[in-house]
Number of protein chains: 2
Amino acid sequence: MSADAPQRGFVAQEFENRLSRLQDGMRNRNIDLAFFTTEAEFRYFTGFFTQFWQSPTRPWFLLAPQSGKPVAVIPEIGAECMRRAGVEDIRAWDSPAADDRGIELLCETIVELAGEGASIGLLKGRETALRMPLADFEALKQRLSSLQFKDITGLVLQLRMVKSEAEIEKIAHACQPAGRAFDRAPDAIHTGMSEREAFQAFKILCLEEGVDDVSYLVGGAGAGGYRDIISPPSERKLAAGDVLMFDTGCVWDGYFCDFDRNFAIGEVAQAVQDAHARLWEATEAGLEATRPGACCSDLFHAMAALLPGASSGGVGRMGHGLGMQLTEFPSITPFDRTELQPGMVMTLEPSIDIGGGRMLVHEENLVVRDDGPLLLTWRTPQRMPVIG
Amino acid sequence: MSADAPQRGFVAQEFENRLSRLQDGMRNRNIDLAFFTTEAEFRYFTGFFTQFWQSPTRPWFLLAPQSGKPVAVIPEIGAECMRRAGVEDIRAWDSPAADDRGIELLCETIVELAGEGASIGLLKGRETALRMPLADFEALKQRLSSLQFKDITGLVLQLRMVKSEAEIEKIAHACQPAGRAFDRAPDAIHTGMSEREAFQAFKILCLEEGVDDVSYLVGGAGAGGYRDIISPPSERKLAAGDVLMFDTGCVWDGYFCDFDRNFAIGEVAQAVQDAHARLWEATEAGLEATRPGACCSDLFHAMAALLPGASSGGVGRMGHGLGMQLTEFPSITPFDRTELQPGMVMTLEPSIDIGGGRMLVHEENLVVRDDGPLLLTWRTPQRMPVIG
């Protein structure tokens, strides 16, 4: 691990700022209490950080009043970890319990914090999910029938979309070991390995170079391109003429990088190298279009102009926000009019149809600065590196 | 990777069996169409397997009629991967789209498959979540107001709880490389390393030994025990007298192992070794109580009898089901009357309070066979291995 790694975690002020921005938005929207059930929002507003969310058994509830500190209504197993995150008001219940999955305690706490007839803000819109049993949510609405439930997805997406300097440092840092792993890949991977063996070798490189987790690694290989970009590796052996692509979401201190690299296995057809060069140029055009005030759709059109036939494989966008999740709001699409702001961290991810049901994609990561984009990845070479 | 690895994936018959058991249950409950939004159910009923679920942008919908094959209503980006999984009827939409997140297509497809007034089964109960925007679900209910939505959580948990031989093979296989990594840990970890460095070294061991992913690794170290069991590693350096615990969910072909090991850093107090021995004995008692027809609560009481003061740190249970998810239904609690059946894969996970806010946990994995438990992990030694 490199010596120049940023500080882990965040200073308390970071969470105070996030909460204060949330509460400003709540006041503007007349929301008395914000209600969250999802990992990203728990971590964003409190620093509560655990892989234990992978266990589906227990729901977790976070309440943020319009003023004052957040209150966690959580299973007892998380209380110590939550205390360490700095949350002072923790209401814990024994879980699993025979019948009640925390709803009793949650209802009491909502009434205490917000009172009858209050407006409760929750996430109901794009890119959200309800991470609690739907029956419990319905029961809660019935028990607290005087409450108004309002969607605050827009507010929360807007908050999370602009990263603090401390967040940017973490994403930037996650890109470094992943980038070094990509640079070392030609030494660790060779013709005749299966896709799966190549994936395993690459995961070990990423860990050796200092990522915390290789949480996401998809890609594939095929003669002159690949058929989709979300599949796990197959047992197929890498052969001359293949293009091998790794798309990795490596995590450092809870923040993702998300970029990919293509490799030529031996010699690939000139048309394939040309297609890769066009993706490279499209990414340049995307970078040139990136500045505060430009819209996501401007970036899309700048890239698409260099890619006749444009997006293939149903990717549906040419990049997206990036941070605590592998992909975040907004999306680089023809219709997303979200304006770029300094501090937004984005991927540029153009794709190209190369015929025969095959495609190439390419992805880099950047942060929007006052004067334009700052790359967090180092640019892939215009010509794909060759693996022997 | 070992030469005796089972076959990857499943034969088509596996999915036919799962669907047929679901459809039997649907007929018994007068459910016309089952509706799923979650990764585990997609994969269980179709074999659709991708890490892309980590991107929150797109919802995915699976419909299973009371007879006939399942229909996937999914974003175009997943269509190729879904086709490869063997699903024939795929209705794909371009995603992200400006407004419609697939609800138009989903509504049409539901009406086509089930008709007006049909009963739609969905997951609303324990251990479930709604992985789609709540606003979209509410819109769907409003548009299709003649439909009845019924909870089929019990049915699906019961189906998934009993594993096929092919599933058991995968879980058993996931335990092997993780077990070898635990055996090698004393050679790779030493006093003076930070917890984080120890975690990284252990993850690399797991990958070298042949797991696909170290999807879950929590634990910690502390003088004579640890304070909670869900935290990520700290920068604290391992010191003589510590107990170091790794609890790992390693994945092989989409199936988890979930077990832990405790290590003594140098010499630990005799009382701590004694506490570990009591956990070991409690696990033995749990194994002895494991047989078809016994209840989860029987296993709890068998283990708790040897652990005065019983569960600490709010763990709330002494084991759980295991499979495609790190933890699955049922739970080993005093109140869970679920009867063990042959083919159920479970963890036994007793915990003990050792005073001063510190605890020890221990976990093994087993499959229930006609004549009792078959261990999938090899038993930890009664005395904690020492790391120098």
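(A) Geometry of the sheet that holds strand E6 (residues 148-151) of chain B. All names here are of chain B. With respect to topology, 6 strands assemble into an open sheet ordered E4-E3-E2-E1-E5-E6, the strand pairing being mixed. At either end of the open sheet lies a strand with only one pairing partner, and these are strand E4 (89-93) and E6. Shown here is a sheet whose adjacent strand axes are inclined to one another by a mean of 25°, direction ignored. Inspection of the sheet shows strand E3 (residues 71-75) paired to E4 by 5 bridges, in the parallel sense. By the bridge assignment for E4, Val71 is matched with Asp89. Helix H2 (residues 39-46) rests against strand E1 (33-36), strand E2 (61-65) and E3 of the sheet, and its axis sits at about 45° to E2.

(B) Quick look at the side chain of Thr380 of chain A. Note on placement: Thr380 of chain A falls in the loop between strand E17 (372-375) and strand E18 (386-387). If we ignore the near neighbours within four places in the chain, the residues touching Thr380 of chain A are Arg261, His276, Trp280, His362 and Glu364 of chain A.

(C) Inspection of the environment of Asp371 of chain A at higher detail. Residue and element names in this part refer to chain A. Along the chain, the position of Asp371 falls in the loop between strand E16 (364-369) and E17. In this structure Asp371 comes out as exposed when scored by relative accessible area, which is 75%. With 10 residues separating them in the primary sequence, Asp371 and Pro381 have C-alpha atoms 24 Å apart.

(D) Here's a closer look at the pattern of salt bridges. If you walk through the whole model with that rule in mind, you get 61 salt bridges over all chains. When the shortest N-O distance is used, the salt bridge between Glu328 of chain A and Lys163 of chain A registers 2.6 Å. Taken together, the residues Glu328 of chain A in strand E12 (residues 328-331) and Lys163 of chain A in the loop between helix H6 (153-161) and helix H7 (165-188) connect sequence positions 165 residues apart. Lys163 of chain A shares its class with Glu328 of chain A; the two are buried. Note that Arg143 of chain B is salt-bridged to Glu104 of chain B, the shortest N-O span being 3.2 Å. One end of the pair, Arg143 of chain B, is in helix H5 (residues 134-143); the other, Glu104 of chain B, is in helix H4 (residues 103-114), with 39 residues separating them in the sequence. Overall, the relative accessible area of 46% leaves Arg143 of chain B in the partly exposed class. Classification of Glu104 of chain B as partly exposed rests on a relative accessible area of 37%.

(E) Structural view of the packing of helix H8 (residues 195-209) of chain A against helix H8 (residues 195-209) of chain B. Interaxial distance between H8 of chain A and H8 of chain B falls to 10 Å at its minimum, and their mutual angle equals 170°. In terms of axis orientation, H8 of chain A runs roughly antiparallel to H8 of chain B. Taking contact as the criterion, the partners of Gln200, Lys203, Ile204, Leu207 and Glu208 of chain A in H8 of chain A are, on H8 of chain B, Gln200, Lys203, Ile204, Leu207 and Glu208 of chain B. Partitioning the contact of H8 of chain A with H8 of chain B into residue classes produces 4 nonpolar, 2 polar and 4 charged.

(F) Up close: the interface of chain B and chain A. With 74 residues of chain B in contact, the opposing surface of chain A contributes 74 residues. The junction of chain B with chain A conceals about 6100 Å² of combined surface from both sides, 55% of it contributed by carbon and sulfur atoms. By the criterion of area lost to chain A, the three top residues of chain B are Lys124, Leu134 and Ile230 of chain B, representing 11% of everything that side buries. Here Lys141 of chain B ties to Glu138 of chain A by a salt bridge, and the two come within 3.7 Å at their closest N and O atoms. On inspection of chain B and its partner chain A, the count reaches 35 residue pairs in polar contact (both at pLDDT 80 or more).

(G) A look at the pairing of strand E5 (residues 119-122) of chain B. Residue and element names in this part refer to chain B. Across the two faces of E5 the burial is the same, with Ser119 and Gly121 and Ile120 and Leu122 all buried. One ladder, built from 2 bridges, connects E1 with E5; its direction is parallel. The partner of Leu33 across the bridge, within E5, is Ile120. The pairing of E5 with E6 spans 4 bridges and is parallel. For Ser119, the partnering residue across the bridge sits in E6 and is Gln148. Crossover E5 to E6 through H5 is right-handed.

(H) Representation of helix H10 (residues 296-304) of chain B. Residues and elements named next belong to chain B. Cys296, Ser297, Leu299, Phe300, Met303 and Ala304 are the residues of H10 that are buried. Axial view of H10: buried residues confined to an arc of 155°, hence all on one face. If you follow the buried residues of H10, they end up packed against helix H9 (270-289), strand E12 (328-331) and strand E13 (345-348).

(I) Fine view of the relation of the copies chain B and chain A. The transformation that overlays chain B on chain A combines an axial shift of 0.0 Å with a rotation of 180°, and the residual RMSD is 0.0 Å. Each copy turns onto its partner about a two-fold axis. Among all C-alpha atoms of chain B, that of Leu130 of chain B lies closest to the rotation axis, at 2.6 Å. Most of the interface of chain B is mirrored in chain A: 100% of its interface residues are interface residues there too.

(J) Region of the structure containing the sheet that holds strand E2 (residues 61-65) of chain A. Residues and elements named next belong to chain A. Strand order in the open sheet made by the 6 strands is E4-E3-E2-E1-E5-E6, with mixed pairing throughout. The strands lining the two open edges of the sheet, one partner per strand, are strand E4 (89-93) and strand E6 (148-151). Direction aside, neighbouring strands of the sheet carry axes that sit 25° apart on average. Pairing of strand E1 (residues 33-36) with E2, which is carried by 4 bridges, proceeds in the antiparallel orientation. Note that in E2 the partner of Phe36 across the bridge is Leu62. Across the sheet, helix H2 (residues 39-46) lies against E1, E2 and strand E3 (71-75), angled at about 45° from E2, the strand it touches most.

(K) Expanded view of the domain arrangement of chain A. Residues and elements named next belong to chain A. You can read the domains of chain A as domain 1 (12-160) and domain 2 (162-387). Domain 1 and domain 2 are separated by 34 Å when their C-alpha centres are compared. Where domain 1 abuts domain 2, roughly 1200 Å² becomes buried across the two surfaces, and 41% of that area is made up of carbon and sulfur atoms. Looking only at domain 1, the three residues that lose the most surface to domain 2 are Arg43, Glu127 and Arg160, adding up to 40% of its buried area.

Definitions and cut-offs
Residues numbered from 1 in each chain as written. Chains lettered and ligands numbered in written order. Predicted model: local features only at pLDDT ≥ 70, side-chain atom pairs only at ≥ 80, totals over all residues. Heavy atoms only, no water. Pairing = 2+ DSSP bridges. Helix = DSSP H or I, 4+ residues; strand = E, 2+ residues; numbered from the N terminus. Axes fitted to C-alpha atoms, helices over the stretch in contact; angles between N-to-C directions. Contact = heavy atoms within 4.5 Å. Buried < 20%, exposed > 50% of the residue type's maximum accessible area, 1.4 Å probe, protein only. Salt bridge = Lys/Arg side-chain N within 4 Å of Asp/Glu carboxyl O. Parallel < 35°, antiparallel > 145°, perpendicular 65-115°, else oblique. Nonpolar A, V, L, I, M, F, W, Y, C, P; charged D, E, K, R; others polar. Buried area = accessible area lost by both parts, 1.4 Å probe. Polar contact = N/O pair within 3.5 Å; in protein donor to acceptor, adjacent residues only side chain to side chain. Right-handed = clockwise from strand over helix to strand, strands pointing away. Arc of directions from axis to C-beta. Least-squares fit on C-alpha atoms with pLDDT ≥ 70 in both. Domains from an automatic or database assignment.

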